[in-house]
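Take a look at the letters that make up each chain.
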Amino acid sequence: DPTVLFLRASIRLARGDAAGADADSERAAELARSSDAQAQSQAFCVRAAVALEAARHDEAGELASELAALGPVLLPALCSGFPTLAEVAWVFRDLGREQELSAVLDATPIESPWKDAAHAIIDGDLVRAAEIIDEMGHAASAAYARLRAAEALAAVGRQRGGDAQLAQAQSFYRRVGAVAYLRKGEELVGDSAERRRTSQRQ
């Protein structure tokens, strides 16, 4: 049940159904608490992502602490298609707790491209993270990394690079109907256009 619920929560979040994602992820986390590390790592990650989207940072922080407490078992526990260690890394990055996850990764003896991608995310090398994930063939996770890379590049004035990343992300999101992420991309385009107009006026 936790697996089905957190997967549906992720789909609903991508489709803009915040209420549905909230209900599903809450139930998934509740059921996972009496289950194993695999269910907990996955359900807690998705629940934390949903909480962050709703600006419930305290709740997301508590879930991040539970993820960190899993220690080196975190990587092998994330053994299904979604969420991956990359999604866990976004949670810690968005909470400003990158070093905490880095310590967990450093204590994990298993070497994996997912570990490399997670390090790239928490180190701020977002394009590299997207490339690593793309090489593994995980289209959904790669698209999100490219969306975040586009946002970061635009924020430092690297518009051309950001546009390239955004185009790849939006191509995937259009195919799967992820309207929430498409809206984020549209907002990013609008913000970039406004920055250009401001720069021209100055």
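Look up: the structure comes first, before these words.
Residues numbered from 1 in each chain as written. Predicted model: local features only at pLDDT ≥ 70, side-chain atom pairs only at ≥ 80, totals over all residues. Heavy atoms only, no water.

Caption draft 1: Focus on the overall build of the chain. The helix and strand inventory of the chain stands at 12 helices and zero strands. Walking the chain from its N terminus toward its C terminus, one meets helices and strands in the order α-α-α-α-α-α-α-α-α-α-α-α. Taking 202 residues into account, the globule formula puts the C-alpha radius of gyration at 17 Å, and the chain, at 17 Å, falls close to it. Dimensions along the principal axes, computed over C-alpha positions, put the chain at roughly 60 × 35 × 30 Å. (Helix = DSSP H or I, 4+ residues; strand = E, 2+ residues; numbered from the N terminus. Rg over C-alpha atoms; globule rule 2.2 N^0.38 Å.)

Caption draft 2: The arrangement of the environment of A167 in detail. Topologically, A167 is positioned in helix 11 (residues 159-176). Given the relative accessible area of 43%, A167 is considered partly exposed. (Buried < 20%, exposed > 50% of the residue type's maximum accessible area, 1.4 Å probe, protein only.)

Caption draft 3: Representation of the nonpolar core within the structure. L67, L74, L85, V88, L101, Y173 and Y181 are the most contacted members of the largest nonpolar core, which has 65 residues in total. At nine residues, helix 3 (residues 37-53) tops the list of elements feeding residues into this core. Leaving out residues up to four positions away in the same chain, Y173 has contacts with A140, A143, Y144, L147, A178, Y181 and L182. (Core = buried A, V, L, I, M, F, W, Y, C linked by side-chain atoms within 4.5 Å. Contact = heavy atoms within 4.5 Å.)

Caption draft 4: Expanded view of the packing of aromatic side chains. Enumeration according to the criterion identifies four aromatic pairs in this entry. A centroid spacing of 5.7 Å and a plane angle of 65 degrees characterise the contact between Y144 and Y181, whose relative ring orientation is edge-to-face. Taken together, the positions of Y144 in helix 10 (residues 139-155) and Y181 in helix 12 (residues 179-201) put the pair 37 residues apart, joining distant regions of the chain. Look at Y144 and you get buried, because its relative accessible area is 16%. Seen from their ring centres, Y173 and Y181 are 5.1 Å apart, and the 40 degrees between their planes marks the pair as tilted. Assessed through its relative accessible area of 3%, Y173 is described here as buried. Feature note: the residues W90, Y144, F172, Y173 and Y181 constitute an aromatic cluster, connected by ring pairs. (Phe/Tyr/Trp six-rings, centres within 6.5 Å; stacked < 30°, edge-to-face > 60°.)

Caption draft 5: How the structure looks around the pattern of salt bridges. The final tally for this structure, using the stated rule, is 16 salt bridges. Taking the shortest distance from any N to any O, the salt bridge between R146 and D134 comes out at 2.9 Å. One end of the pair, R146, is in helix 10; the other, D134, is in helix 9 (residues 126-136), and 12 residues separate them in sequence. Among the residues examined, R146 registers a relative accessible area of 8% and is labelled buried. Salt bridges sharing partners connect three or more residues here, namely R8, R12, D17 and D24. (Salt bridge = Lys/Arg side-chain N within 4 Å of Asp/Glu carboxyl O.)

Caption draft 6: Representation of the packing of helix 1 (residues 2-14) against helix 2 (residues 18-32) within the structure. In contact at an axis separation of 8 Å, helix 1 and helix 2 are set at 155 degrees when each is read in the N-to-C sense. Relative to helix 2, helix 1 is oriented roughly antiparallel. For the pair helix 1 and helix 2, the crossing hand works out as left-handed. Between helix 1, through P2, L5, F6, R8, A9, R12 and L13, and helix 2, the contact on the second element is made entirely by G20, A21, D24, S25, R27, A28, L31 and A32. (Axes fitted to C-alpha atoms, helices over the stretch in contact; angles between N-to-C directions. Parallel < 35°, antiparallel > 145°, perpendicular 65-115°, else oblique. Left-handed = near helix turned anticlockwise from the far one by under 90°.)

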